[in-house]
Amino acid sequence: MNDMRTMERIVSTEGNKITARNVQVYYGTSHAIKDVDVDILDKTVTAFIGPSGCGKSTFLRCLNRMNDTISVCKVTGNILLEGENIYDSRVDPVQLRAKVGMVFQKPNPFPKSIYENVAYGPRIHGLTRNKAELDAVVESSLKKAALWKEVKDRLAAPGTGLSGGQQQRLCIARAIATAPEVLLMDEPCSALDPIATAQVEELIDDLRSQFAVVIVTHSMQQAARVSQRTAFFHLGNLVEYGETGQIFTNPKDPRTESYISGRIG
Amino acid sequence: MTDMSAGSAAIPRAKKNSILVASDNMRRRNAAEARFKIYGLAAIAVSMVTLAFMLVTILNDGLSSFKQARYSFPVSLTAAVLDPSGDRNRDEMAKVTTVGYAKVLIAAFKAEIEARGISTEGLSDKDVSDMVSKDAPGELRATVLANPALVGTSIDGSILAIGRVDGFIKGRVTMETAVRDGNVSPEQLQLAERLIEAGILTSPFNWDFITNSDASDQRPEAAGLGVALIGSAYMMLIVLITCVPVGVAASIYLEEFAPKNRWTDLIEVNISNLAAVPSIVFGILGLAVFINFMGLPQSSSLVGALVISLMTLPTIIIATRSAIRAVPPSIRDAALGVGASKMQMVFHHVLPLAMPGILTGTILGLATALGETAPLLLIGMVAFVDEYPSASLGGILDPATALPVQVYGWAQRADPAFIERSNGAIIILLIFLVIMNVAAILLRRRFERRW
């Protein structure tokens, strides 16, 4: 993989979308995330890398409060979405999750039709007024997810009948149908073959033009390919955070260097 | 090296550690496996034989209850006896008791025997009339009162024979037993044989067994399951209405919403324990709470259903909870991830996926409830109930009985004819249980979604 080309990539920074300060996460007594400060930029792909169990997924799930579903999990610190603290007591996590969409590691379409999978989000949030609008949202979401051509003739077919890569793109279509501002992806390609992975990566790059994308990945090549900024987590600490080219070519921290050169992790 | 192999390869000899020869260890392991298979087969064979034996016994003893000996002869409904006032007024006619109808019936029976030239030697008039069931006049009276226009005409009567004659046809009563039997004499049985030859005495299908209410000890031939069937149906309906919403709601709350703390642990342990409490204990509870404290009428299907609901609820809760737990967490994540509220997640995604499990659990719970006897004995549903419960809503407060209780009740009676009916009732009960289990399987197949 030619990691060097990331150096030449133009990074547009349009200000912070998410600002995390002093975030701590505890699972019961264990301290899973320690003092993490991160700025997620709008219209940028941010990759979280690090060895297994380093807390990158946990931190990702803090960003749309999916950790609320785990009763022993406790989050402190500030995570601001456009200046508003998402852990404020006035925030309803359900409303937050419409703005901060999520794609999971394993493709998990609902056991319903392809159309219903995509239409579900807009429907429960009342984003469309009639069937024609809903149809339009479904179509545009599937187009954005690069799935429209493959499924436009069988929207009534079950979403679970698609191939793994198609299912994952369906899940991405489902997530972007609610018009989120941030899209969180938790190892979206770990269950996919290289061809499907390439398709999803291409898609991620397209999606960057519309919103901030945060992706957790085990593959450093993938991080190098798709992201503009990279954060390296190790043992619950954010070790280094910067532009992807700099992280991969000129890491400041020795632990980052060890990890990307394969000595730890 | 290669040269050497040419000579020795001609005679393939087992070398040490050859995979061509089973090692001692391997032989022992294979023997153990073979033994285990034999144990398993034996266990299955024993249970199959037991089941087959039970089914054969029940069918053998019970199938005959679906046939019933009846005399068919014309009955002329004499107006002078059945409608003394002569105006076919139903209320006036109702004043004529079964005694009047018995007279008409017996006269017609004797007339038929005489007309066909069948000998009645050695039999008094009473002996002949005793061969007609004590229930027959009542049946005839009901027919006439339902249609007063029949009076004065002659109808084709299908008249119940006494239980001993019925037993004679089915082989339960023989000439030898009749000698020692006070209820029937060999001469009467000989007459019955002649009536069979003449085509007067036949054994048609016994619809009365399914529709009639219970009958007294002297007339097993008239006893039927009607009240028990209605009672069981009412009870299942009430159990369904009370148990399913409460059980499913409780399970959803406990699985999806309840905080995991000491209280929910306590509730969980108690639910599991309730499922294991002997059913008779629930009967005592029902007696104390529903009848003595709340003052609901005893023997009613409402009280029976409430008691059985208490028993079925834990079963349904346990089945529903495991069905909900079996829904993959990824679906919950997916729903929450697109911003569904917890309730939307449960009702749009989790519940539809758990439905086959919930339905199966519920139907199997109901099947257990249908066969439940002990608690019903305690709340008085074992009583002799002659009147059908009303078909209106109030019918759930009328005295009723239930299928398994009817089985128990008949099995206690002295007359062997009741034992036959008891087995017949078991057959009906088993048919219902099989139908419910098949429904559970079909529903499961129908609602199961592929992943």
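Note that the coordinates shown come from a computational prediction; the quantities given were computed from them, not determined experimentally. (Residues numbered from 1 in each chain as written. Chains lettered and ligands numbered in written order. Predicted model: local features only at pLDDT ≥ 70, side-chain atom pairs only at ≥ 80, totals over all residues.)

Caption draft 1: Seen up close, the overall build of chain B. What chain B contains, in helices and strands, is 20 helices and three strands. Against the globule reference of 22 Å for 451 residues, chain B gives a C-alpha radius of gyration of 33 Å, more extended than a compact globule. Summarising its shape, the C-alpha atoms of chain B cover approximately 115 × 70 × 35 Å along the three principal directions. Buried positions account for 36% of the 451 residues belonging to chain B. Considering only contacts in chain B between residues 6 or more positions apart, those separated by 24 or more positions represent 78%. (Helix = DSSP H or I, 4+ residues; strand = E, 2+ residues; numbered from the N terminus. Rg over C-alpha atoms; globule rule 2.2 N^0.38 Å. Buried ≥ 20, exposed ≤ 12 C-beta atoms within 10 Å, placed from the backbone. Contact = placed C-beta atoms within 7 Å.)

Caption draft 2: Representation of the overall build of chain A in the model. Helix and strand counts for chain A come out as 10 helices and 10 strands. For 265 residues, the compact-globule formula gives about 18 Å, and the C-alpha radius of gyration of chain A, at 18 Å, lands near that figure. On the principal axes, the C-alpha backbone points of chain A span a range of 55 × 45 × 30 Å. Burial analysis of chain A (265 residues in total) assigns 47% to the buried set.

Caption draft 3: Examining the domain arrangement of chain B more closely. Here chain B is partitioned into domain 1 (24–63), domain 2 (68–204) and domain 3 (226–447). Each of domain 2 of chain B and domain 3 of chain B was reduced to a C-alpha centroid, and the two centroids are 45 Å apart. (Domains from an automatic or database assignment.)

Caption draft 4: Here's a closer look at the interface of chain B and chain A. Contacts between chain B and chain A engage 18 residues on the former and 21 residues on the latter. Ranked by residues supplied to the side of chain B that touches chain A, first place goes to helix α16 (residues 329–337) of chain B with six residues. Counted by class, the side of chain B that touches chain A contains eight nonpolar, six polar and four charged residues. (Nonpolar A, V, L, I, M, F, W, Y, C, P; charged D, E, K, R; others polar.)

Caption draft 5: Summary view of the nonpolar core. Counting residues in hydrophobic clusters, the biggest one holds 174 residues, and the most contacted among them are Val214 of chain A together with Leu105 of chain B. Looking at this core element by element, the count peaks at 13 residues for helix α15 (residues 301–325) of chain B. Mapping this core onto the domain boundaries places at least three of its residues in each of domain 2 (68–204) and domain 3 (226–447) of chain B. For Leu105 of chain B, the residues in contact, after removing those within four places along its chain, are Val75, Val132, Ala136, Pro137, Leu140 and Ile159 of chain B. (Core = buried A, V, L, I, M, F, W, Y, C linked by C-beta atoms within 7 Å.)

Caption draft 6: Representation of the packing of helix α13 (residues 262–276) of chain B against α15 of chain B in the model. Residues and elements named next belong to chain B. Relative orientation of the contacting elements α13 and α15 amounts to 125°, with a least axis distance of 8 Å. Between α13 and α15, the angle falls in the class oblique. Handedness of the crossing formed by α13 with α15: left-handed. Every residue of α15 that contacts α13 at Ile271, Leu274 and Ala275 is listed here: Pro314, Thr315, Ile317 and Ile318. Its residues assigned to classes, the contact of α13 with α15 comprises six nonpolar, one polar and no charged. (Axes fitted to C-alpha atoms, helices over the stretch in contact; angles between N-to-C directions. Parallel < 35°, antiparallel > 145°, perpendicular 65-115°, else oblique. Left-handed = near helix turned anticlockwise from the far one by under 90°.)

Caption draft 7: Looking closely at the environment of Leu351 of chain B. Residue and element names in this part refer to chain B. Summarising the element assignment, Leu351 is placed in helix α17 (residues 342–370). Taking the C-beta count within 10 Å as the criterion, Leu351 has 18 such neighbours and is therefore assigned partly exposed. It is 8.7 Å that separates the C-alpha atoms of Leu351 and Val327, two residues lying 24 residues apart in sequence.

Caption draft 8: The arrangement of the sheet that holds strand β1 (residues 70–76) of chain B in detail. Residue and element names in this part refer to chain B. Strands sit in the order β2-β1-β3 across an open sheet of three strands; the sheet is antiparallel. A strand with exactly one partner marks an edge of an open sheet, and here the two such strands are β2 (154–160) and β3 (201–202). As paired strands, β1 and β2 are joined by seven bridges and run antiparallel to one another. Bridge pairing in β2 places Tyr71 opposite Ile159. Each of β1 and β2 is contacted by helix α5 (residues 98–115), which is oriented at about 105° to β1, the strand it contacts most. (Pairing = 2+ DSSP bridges.)

Caption draft 9: Helix α6 (residues 164–176) of chain A, seen in detail. Residue and element names in this part refer to chain A. In this model, α6 (13 residues) spans 19 Å end to end at C-alpha, consistent with the 18 Å of a helix rising 1.5 Å per residue. Summarising burial for α6: 12 of the 13 residues are buried, a large majority. Along α6, the residues that are buried comprise Gly165, Gln166, Gln167, Gln168, Arg169, Leu170, Cys171, Ile172, Ala173, Arg174, Ala175 and Ile176. (Expected span 1.5 Å × (residues − 1).)

Caption draft 10: Layout of the packing of helix α12 (residues 226–257) of chain B against α15 of chain B. Residue and element names in this part refer to chain B. It is the contact of α12 with α15, at a shortest axis distance of 7 Å, that shows an interaxial angle of 35°. Of the two elements, α12 crosses α15, and the hand of that crossing is right-handed. Broken down by class, the residue content of the contact of α12 with α15 amounts to 18 nonpolar, nine polar and three charged.

Caption draft 11: Spotlight on the pairing of strand β6 (residues 100–103) of chain A. All names here are of chain A. Residues Val100 and Met102 point to one face of β6 and Gly101 and Val103 to the other, with burial holding for every one of them. Examined bridge by bridge, β6 and strand β7 (residues 182–186) share four bridges and lie parallel to one another. Residue pairing for β7: Met102 is matched across the bridge by Leu184.

Caption draft 12: Spotlight on unusual backbone geometry. Residues and elements named next belong to chain A. Positive phi values are uncommon outside glycine, yet Asn22 reaches one of about 55°. Phi is positive for Asp35, close to 50°, though the residue is something other than glycine. You can call Asp35 partly exposed: it has 13 C-beta atoms within 10 Å.

Caption draft 13: Fine view of α13 of chain B. Its 15 residues give α13 of chain B an end-to-end C-alpha distance of 21 Å, which sits within 8% of 21 Å, the value for a rise of 1.5 Å per residue. When you tally the buried positions in α13 of chain B, you get zero out of 15 residues, a small fraction of the element.

Caption draft 14: Structural view of the confidence of the model for chain B. Residue and element names in this part refer to chain B. Of the residues in chain B, 96% reach a pLDDT of 70 or more, and the chain-wide mean stands at 88. Mean pLDDT across the elements of chain B bottoms out in helix α1 (residues 2–8) (48) and peaks in helix α2 (residues 24–62) (95). Confidence over residues 4–8 falls short of pLDDT 50; this stretch has zero contacts with residues more than four positions distant or in other chains. The ipTM value of the predicted complex is 0.85, and its pTM value is 0.80. (pLDDT = per-residue confidence, 0-100.)

Caption draft 15: Summary view of the environment of Ala319 of chain B. All names here are of chain B. Tracing the sequence through the fold places Ala319 in helix α15. Looking at Ala319, the number of C-beta atoms within 10 Å reads 23, which means it is buried. Separated by 71 residues in the primary sequence, Ala319 and Val248 place their C-alpha atoms 9.5 Å from one another. Aside from chain neighbours lying at most four places away, what touches Ala319 is Gly357, Ile358, Gly361 and Gly365.

Caption draft 16: Inspection of the pairing of strand β1 (residues 16–27) of chain A at higher detail. All names here are of chain A. Pairing of β1 with strand β2 (residues 30–41) involves eight bridges; the strand directions are antiparallel. Across the sheet, Ile18 pairs through a bridge with Ile40, a residue of β2. The hairpin turn running from β1 into β2, its antiparallel successor, is two residues long, and Gly28 in that turn takes a positive phi close to 60°. As paired strands, β1 and strand β4 (residues 73–81) are joined by eight bridges and run antiparallel to one another. What sits directly across from Ile18, in β4, is Leu81.

Caption draft 17: Broad picture of the environment of Leu183 of chain A. Residue and element names in this part refer to chain A. Relative to the helices and strands, Leu183 is located in strand β7. Residues Leu183 and Phe248, 65 residues apart in the sequence, show an inter-C-alpha distance of 24 Å. If we ignore the near neighbours within four places in the chain, the residues touching Leu183 are Gly101, Val103, Ala175, Ile176, Leu207, Phe211 and Val213.

Caption draft 18: Local environment of the confidence of the model for chain A. Residues of chain A with pLDDT of at least 70 account for 94%, and the chain-wide mean is 87. Below a pLDDT of 50 lies the segment residues 1–13 of chain A, which in the model reaches 16 contacts outside its immediate sequence neighbourhood of four places, other chains included.

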